[in-house]
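Structural overview for review
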Amino acid sequence: MKKAILQLETLACPTCMQKIAGAIANVDGVEKTSVKVLFNASKAKVNFDPEKTNLDTITQAVKNIGYDVLKASAK
């Protein structure tokens, strides 16, 4: 498993946080229980299987629901 951190645009409300968490959790290869979106920090943390998905796919899932990812990194 790899760990990713996505720096998000400033989140306006807790509903935004839930939408982003749901979009990330729906990506095949993401460890569903690992998805954490930190409202005050505007960050998302997630574990994923690099054989099934990648950082670009996770980032695109967030963008597809209308939110910007300012920076993304994985290790």
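Numbering of residues starts from 1 in each chain and follows the order in which that chain's sequence is written. In keeping with the predicted nature of the model, local features appear solely for residues at pLDDT of at least 70, side-chain atom pairs appear and are counted solely at 80 or more, and the whole-chain, interface and lining totals rest on all residues. Calculation of side-chain values draws on the structure's entire complement of heavy atoms; hydrogens and water are dropped beforehand.

As annotated in an unreviewed UniProt entry, the protein chain is Copper chaperone from Lactobacillus delbrueckii.

Strand pairing follows a simple DSSP-based rule, namely that at least 2 bridges must link the two strands. Where helices and strands are cited, they refer to DSSP runs of H or I of at least four residues and of E of at least two residues respectively, numbered from the N terminus. In space, the four strands of this open sheet follow the order S2-S3-S1-S4, with antiparallel pairing throughout. Edge strands, defined here as strands with exactly one partner in the open sheet, are strand S2 (36-38) and strand S4 (69-74). The average angle at which neighbouring strand axes cross in this sheet is 15 degrees, direction not considered. Here strand S1 (residues 2-8) runs beside strand S3 (residues 43-48); their pairing, made up of six bridges, is antiparallel. Looking across to S3, one finds that Ala-4 is bridged to Val-46. Two residues qualify as a contact provided that any one of their heavy atoms is within 4.5 Å of a heavy atom in the partner residue. Between the N-to-C directions of two axes lies an angle of 0 to 180 degrees, each axis being a line fitted to C-alpha atoms and, for a helix, fitted only over the stretch in contact. Lying on the sheet, helix H1 (residues 14-25) is in contact with S1, S2 and S3; it crosses S2 at an angle near 150 degrees. Docked against the sheet, helix H2 (residues 55-64) engages S1, S3 and S4, running at close to 155 degrees with respect to S4.

An α-helical segment advances 3.6 residues per turn. Residues three or four places apart therefore align on the same side. Three labels apply to residues, based on accessible area from a 1.4 Å probe with only protein chains included: buried if under 20% of the type maximum, exposed if over 50%, partly exposed otherwise in between. Of all the residues in H2, the buried ones are Leu-55, Ile-58, Thr-59, Ala-61 and Val-62. Viewed end-on, H2 has its buried residues packed into an arc of 150 degrees, placing them on one side of the element. Residues of H2 that are exposed and point over 90 degrees away from its buried face: Asp-56 and Asn-64. On the buried face of H2, the contacting elements are S1, H1, S3 and S4. Directions are taken from the helix axis to each C-beta atom, and the arc is the one they span.

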